[in-house]
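One letter stands for each residue in the lines below.
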Amino acid sequence: MTTLRLRPEGPADAGLVRRVLAAAFARPDRTTPGEVALVDELRGSAAWLPELAMVVEYGGEVVGYALLTRVQVEADRARAAALVLGPVAVAPHRQRVGHGTAVVQAALEAATELGERLVVVLGDPAYYRRFGFTRADRMGLVSPWSGLGEPWQALVLPPETSDAPPPPRGEVVFPPPWSRV
């Protein structure tokens, strides 16, 4: 029986993750998808949270990836920490069998265990709705992608305690690697 294994990315996984990203985001007009460079640059930035870079293995092969990195929410000169989900990728030969859902869920669960409260994503609303994401603009969150409407989404993670403050509202500020996507 082939097993599915979800775990944080390790140092030896960088090349394997690059291959998954390159295959999942391949386009005929680009030799290397921007998502590959994005992850490489994020690895070397202050936004990188190694425990929130998740891979999915199937039969010992890395076939999927979900990344959560640090962003900031600014409002009234105050900053609050939040996370951005992406990129999420599954090798084409393993798509549509639940690996993407499994690796995203694992990343969100790890973030919840770390006490994180807010995750934003830019993606297909039909896909991300299954995890509880809703329109970010309706939660008072703006970004360079706000004008896209429904694809700009956010998820409030369960609080550690019942007296946890509400999630932040304001402008979501992405680390520099995101500006090149």
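Details of the structure are given in the entry above.
Residues numbered from 1 in each chain as written. Predicted model: local features only at pLDDT ≥ 70, side-chain atom pairs only at ≥ 80, totals over all residues. Heavy atoms only, no water.

Asker: Even after reading the chapter, I still don't get the overall build of the chain, so can you show me in this structure?
Answerer: Helix and strand counts for the chain stand at 4 helices and 9 strands. Listing each helix as α and each strand as β along the chain from the N terminus yields β-α-α-β-β-β-α-β-α-β-β-β-β. On C-alpha atoms alone, the chain measures out to a radius of gyration of 16 Å, which is about the 16 Å that the 2.2 N^0.38 rule sets for 181 residues. Seen along its three principal axes, the alpha-carbon backbone of the chain occupies a region of about 50 × 40 × 30 Å. (Helix = DSSP H or I, 4+ residues; strand = E, 2+ residues; numbered from the N terminus. Rg over C-alpha atoms; globule rule 2.2 N^0.38 Å.)

Asker: Please clarify how the packing of aromatic side chains should be interpreted in this entry.
Answerer: Between two aromatic rings, the relevant description is the distance of the centres plus the angle of the planes. According to the stated counting rule, one finds 8 aromatic pairs in the structure shown. Within the aromatic cluster, the residues linked to one another by ring pairs are Tyr-127, Tyr-128, Phe-131 and Phe-133. Here the guanidinium or amino end of Arg-94 rests over the ring plane of Tyr-58, the centre of that ring lying 3.9 Å away. (Phe/Tyr/Trp six-rings, centres within 6.5 Å; stacked < 30°, edge-to-face > 60°. Lys NZ or Arg CZ within 6 Å of the ring centre and 35° of its normal.)

Asker: Help me out: how do you make sense of the layout of surface pockets in this one?
Answerer: Take a probe with the size of a water molecule and roll it over the atoms, and the empty space left behind shows itself. Quantified by volume, the largest pocket comes out at close to 780 Å³. Together, 29 residues line the largest pocket, and Phe-25, Val-88, Ala-89, Tyr-127 and Tyr-128 are the ones closest to its centre. Put simply, the parts of the chain that give the lining of the largest pocket at least two residues each are α2 (34–43), β4 (78–90), α3 (99–113), β5 (118–122) and α4 (125–128). No other element matches β4, which puts 7 residues into the lining of the largest pocket. A breakdown of the residues in the lining of the largest pocket according to their chemical character gives 19 nonpolar, 6 polar and 4 charged. (1 Å grid on protein atoms, 1.4 Å probe; cavity = no way out; pocket = protein on both sides within 12 Å on 5 of 7 lines; lining within 4 Å. Points joined across faces, edges and corners; volume = space filled by probe spheres on them. Nonpolar A, V, L, I, M, F, W, Y, C, P; charged D, E, K, R; others polar.)

Asker: Which parts of the structure should I look at to understand the environment of Val-17?
Answerer: Structurally, Val-17 can be placed in helix α1 (residues 14–24). Linking Val-17 and Glu-74, residues 57 residues apart in sequence, is a C-alpha distance of 31 Å. Discounting residues that sit within four places of it in the chain, Val-17 has contacts with Glu-9, Arg-43, Val-55 and Tyr-65. (Contact = heavy atoms within 4.5 Å.)

Asker: I would appreciate a short explanation of the nonpolar core in the present structure.
Answerer: Across soluble globular proteins, you tend to see nonpolar side chains buried next to one another. Tyr-65, Val-120, Leu-141, Val-172 and Phe-174 are the most contacted members of the largest nonpolar core, which has 29 residues in total. When contributions to this core are tallied by element, the ones reaching two or more residues are α1, α2, β2 (53–58), β3 (61–75), β4, β5 and β8 (152–156). Broken down by element, the residue count for this core peaks at 5 residues, all from β3. Membership of the second largest hydrophobic core comes to 25 residues, among which are Leu-83, Val-88, Val-103 and Val-119. (Core = buried A, V, L, I, M, F, W, Y, C linked by side-chain atoms within 4.5 Å. Buried < 20%, exposed > 50% of the residue type's maximum accessible area, 1.4 Å probe, protein only.)

Asker: Would you mind showing me how to read α2 here?
Answerer: Since the α-helix packs 3.6 residues into each turn, any two residues three or four apart lie on the same face. Within α2 the residues assigned to the buried category are Glu-35, Val-36, Leu-38, Val-39 and Leu-42. For α2, the angular spread of buried residues about the axis comes to 165 degrees, placing them on one side. Residues of α2 that are buried in the fold lie against α1, β3 and β4. (Arc of directions from axis to C-beta.)

Asker: How should I be thinking about the pattern of salt bridges in this particular structure?
Answerer: Two side chains bearing opposite charge may form a pair once their charged atoms approach each other closely. Inspection of the entire model under this criterion finds 11 salt bridges. Put simply, Arg-70 and Glu-116 hold a salt bridge, and the shortest N to O gap is 2.7 Å. Residue Arg-70 is found in strand β3, and its partner Glu-116 is found in the loop between α3 and β5; the two are separated by 46 residues along the sequence. We note that Arg-70, like Glu-116, is buried. Sharing partners across several salt bridges, the network here consists of Arg-5, Arg-7, Asp-13 and Glu-57. (Salt bridge = Lys/Arg side-chain N within 4 Å of Asp/Glu carboxyl O.)

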